[in-house]
Amino acid sequence: QVQLVESGGGLVQAGGSLRLSCAASGSIFSIAAMGWYRQAPGKQRESVAGITSGDSTNYADSVKGRFTMSRDSAKNAVYLQMNSLKPEDTAVYYCNANVWINRYKRDDYWGQGTQVTVSS
């Protein structure tokens, strides 16, 4: 079993910054990719950013230039630096990991979510 623990959410004024962290632990052979998703009230969950084992990153158009995703492979952790936050960034942010639990089996895992609220 694999557990993802997120931290770093909170309340911030528009234009401010927050840094989210996510650490994976448990039966991990290797991590193929990790990502951040968000879900606002009444909306579907959407991809925000992702990073592969080769450190290739991708971002949603709505956050490009404002959010930066990075990882610490030694800690099986990823981070999301969020700058110039806007009220429309308000959502529950979820960490996702695509994990090889052995040489033959790969599964997706989700964290419990952390609330980010941006006031105008």
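The structure this text deals with has already been given above.
Residues numbered from 1 in each chain as written. Predicted model: local features only at pLDDT ≥ 70, side-chain atom pairs only at ≥ 80, totals over all residues. Heavy atoms only, no water.

Concerning the environment of aspartate 55
Here's step 1: Here aspartate 55 shows up in the loop between strand 5 (46–52) and strand 6 (57–59).
Here's step 2: The class of aspartate 55 is partly exposed, set by a relative accessible area of 49%.
Here's step 3: Sequence spacing of aspartate 55 and serine 70 is 15 residues, and the spatial spacing of their C-alpha atoms is 7.9 Å.
Here's step 4: Here arginine 71 takes part through its side chain, which lies 2.5 Å from a polar atom of the side chain of aspartate 55. (Helix = DSSP H or I, 4+ residues; strand = E, 2+ residues; numbered from the N terminus. Buried < 20%, exposed > 50% of the residue type's maximum accessible area, 1.4 Å probe, protein only. Polar contact = N/O pair within 3.5 Å; in protein donor to acceptor, adjacent residues only side chain to side chain.)

Notes on the pattern of salt bridges
Here's step 1: Here the structure, examined in full by the defined rule, presents 6 salt bridges.
Here's step 2: Here arginine 38 ties to glutamate 46 by a salt bridge, and the two come within 2.7 Å at their closest N and O atoms.
Here's step 3: For arginine 38, a relative accessible area of 6% corresponds to the buried category.
Here's step 4: Between aspartate 55 and arginine 71 there is a salt bridge, with the nearest N and O atoms lying 2.5 Å from each other. Of this pair, aspartate 55 sits in the loop between strand 5 and strand 6 while arginine 71 sits in strand 7 (residues 67–72), placing them 16 residues apart in sequence.
Here's step 5: Among the ionic contacts, a cluster of salt bridges with common partners joins Arg38, Glu46, Arg66 and Asp89. (Salt bridge = Lys/Arg side-chain N within 4 Å of Asp/Glu carboxyl O.)

Details of the sheet that holds strand 7
Here's step 1: Ordered by their spatial adjacency, 4 strands build an open sheet running 1-3-8-7, and the pairing between neighbours is antiparallel. A strand with exactly one partner marks an edge of an open sheet, and here the two such strands are strand 1 (2–7) and strand 7. The average undirected angle you get between the axes of adjacent strands in this sheet is 15 degrees.
Here's step 2: Inspection of the sheet shows strand 7 paired to strand 8 (residues 77–82) by 6 bridges, in the antiparallel sense. Paired with serine 70 across the strands is tyrosine 79, a residue of strand 8. (Pairing = 2+ DSSP bridges. Axes fitted to C-alpha atoms, helices over the stretch in contact; angles between N-to-C directions.)

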